[in-house]
Amino acid sequence: MDPSINGFDYRRVAVADGVTLNVAVGGSGPAVVLLHGFPQTHLMWRHVAADLAADHTVICPDLRGYGDSDKPVDIDGDVYAKRTMATDTVALAAALGHERFALVGHDRGALVAFRAGLDHPDAISHLALLDGLPTLDMWEVLHGTTAAVAFHLYLMAQPPGLPEELIGGSPDAFFGHFLDVWSRDPGALPADVRAAYLRASRAAVTSIVADYRASAGVDVAHDTADRAAGTQLRMPVSVLQQDWGAALGYDAAGVWRAWAPDLEHRTVTCGHFMAEEAPAEVVRAVRALLAR
């Protein structure tokens, strides 16, 4: 049996026609929703969620297409749009009795959270984004040989067929690569947790690729339209990132400030999996955001 978040109840919640999410819920008080990244599941929040549950209702879903949540077939290219997944998130919170909530997203979850903040500003009170960039900006800062760090984005952007076949041929090697090279503290991902991530990803190759493929298509279109319209995040926003600005040659805080006028931007020294490598730092940042 895979590990779970201690003290949390597990349930399945319908968020759209034919789509049910696996969700861990714990604590009581104002709601905070935590969205995981790649190649992980809700389990990445096990330390942060336990702390926040002391005085909040903490909701940790597996995103559609990941973990033990449903994995609908992507028929029209919109099934894994971040707009669709953001709507899942708002529907999930509402189904659990929370029309307004704070939202924290990491990596892919940060893209979903960003879109939720733009599309559903009345539902999102505070927004924390961990180690990500808006999709449009992400593609714009990747260039030259430095873009090799994001080879997986280009692979999974290809038309259906080849990416799924290549990744499916050796899924543990593919997904395990990121678990290994993106962490600066291997001990932060114990053997049972790593195995759970690999199991979940192995069973979700098609939907994970569809999620990434959407970020090379429909998600870019949505961000482009919002940038042209001058749409911004209206709630307090905190961003924690590795020093990608220095690595890729751009002004990280400046990129975010164009979208989020009420911004707290911080560069961290831990690896990508910061909720597991530096959970106390993440908790402090989230609690400081909620106090704003």
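Residues numbered from 1 in each chain as written. Predicted model: local features only at pLDDT ≥ 70, side-chain atom pairs only at ≥ 80, totals over all residues. Heavy atoms only, no water.

Points about unusual backbone geometry
- The linkage connecting Phe 38 with the following residue, Pro 39, adopts the cis geometry, with an omega of -5°.
- Tracing the backbone shows Pro 39 in the loop between strand 3 (31-35) and helix 1 (46-52).
- Phi is positive for Asp 107, which is not a glycine, with a value near 60°.
- Its identity is not glycine, yet Asp 131 carries a phi of approximately 50°, on the positive side.
- If you trace the backbone, Asp 131 turns up in the loop between strand 6 (124-130) and helix 4 (135-141). (Helix = DSSP H or I, 4+ residues; strand = E, 2+ residues; numbered from the N terminus.)

Topic: the confidence of the model for the protein
- Averaged over every residue, the pLDDT of the protein is 97; the share at 70 or more is 100%.
- Of all the helices and strands in the protein, helix 11 (residues 244-248) carries the lowest mean pLDDT, 85, while strand 3 carries the highest, 99. (pLDDT = per-residue confidence, 0-100.)

Some details on helix 7 (residues 171-181)
- Within the sequence span of helix 7, burial applies to Pro 171, Phe 174, Phe 175, Gly 176, Phe 178 and Leu 179.
- Taken together, the buried residues of helix 7 touch helix 5 (151-156), helix 6 (162-169), helix 8 (191-202) and helix 9 (205-214). (Buried < 20%, exposed > 50% of the residue type's maximum accessible area, 1.4 Å probe, protein only. Contact = heavy atoms within 4.5 Å.)

Digging into the pattern of salt bridges
- The tally for this structure, following the rule as stated, stands at 21 salt bridges.
- Where Arg 227 meets Asp 137, a salt bridge forms, and the shortest distance between an N and an O atom there is 2.8 Å. You can see Arg 227 sitting in helix 10 (residues 218-229) and its partner Asp 137 sitting in helix 4, a full 90 residues away along the chain.
- A residue is classified by how much of its surface remains accessible, and Arg 227, at 37% relative accessible area, is partly exposed.
- When the shortest N-O distance is used, the salt bridge between Arg 292 and Asp 262 registers 2.9 Å. Taken together, the residues span a long stretch of sequence, with Arg 292 in the segment after helix 14 (279-290) and Asp 262 in the loop between helix 12 (252-259) and strand 8 (263-267) at a distance of 30 residues. (Salt bridge = Lys/Arg side-chain N within 4 Å of Asp/Glu carboxyl O.)

A short note on the sheet that holds strand 7 (residues 237-241)
- Pairing is mixed across the open sheet formed by eight strands, whose spatial order is 1-2-4-3-5-6-7-8. Taken across any chain shown, the strands that pair with only one partner, and hence form the sheet edges, are strand 1 (9-16) and strand 8. Recorded for the sheet is a direction-independent mean angle of 20° between the axes of neighbouring strands.
- In the sheet, strand 7 pairs with strand 8 via five bridges, with the strands oriented parallel. Among the inter-strand pairings, Gln 241 is bridged to a residue of strand 8, identified as Thr 267.
- Those strands touched by helix 2 (residues 82-95) are strand 1, strand 2 (19-26), strand 3, strand 4 (57-61) and strand 5 (101-106), and its axis lies near 125° from that of strand 1.
- Running over the sheet, helix 3 (residues 108-119) touches strand 3, strand 5 and strand 6 and is turned about 150° from strand 6. (Pairing = 2+ DSSP bridges. Axes fitted to C-alpha atoms, helices over the stretch in contact; angles between N-to-C directions.)

Details of the nonpolar core
- Formed by 101 residues in total, the largest nonpolar core has its most connected members in Leu 34 and Trp 45.
- For this core, the element with the highest residue contribution is helix 3, accounting for six residues.
- For Leu 34, the contacting residues outside a window of four places in its chain are Trp 45, Val 48, Ala 49, Leu 52, Val 58, Ile 59, Cys 60, Pro 61 and Val 104. (Core = buried A, V, L, I, M, F, W, Y, C linked by side-chain atoms within 4.5 Å.)

Examining the state of the cysteines
- On inspection of all chains with the given rule, the structure shows zero disulfides.
- The structure places no disulfide on Cys 270, whose sulfur is separated from the nearest cysteine sulfur, that of Cys 60, by 18 Å. (Disulfide = S-S within 2.5 Å.)

Observations regarding the packing of helix 6 against helix 7
- As a packed pair, helix 6 and helix 7 sit with axes 5 Å apart at the nearest point and diverge in direction by 90°. Judged by the angle between their axes, helix 6 and helix 7 are roughly perpendicular. Between helix 6 and helix 7, the contacting residues are Ile 167, Gly 168 and Gly 169 on the first element and Pro 171, Phe 174 and Phe 175 on the second.
- Looking at the contact of helix 6 with helix 7, its residues break down into four nonpolar, two polar and no charged. (Parallel < 35°, antiparallel > 145°, perpendicular 65-115°, else oblique. Nonpolar A, V, L, I, M, F, W, Y, C, P; charged D, E, K, R; others polar.)

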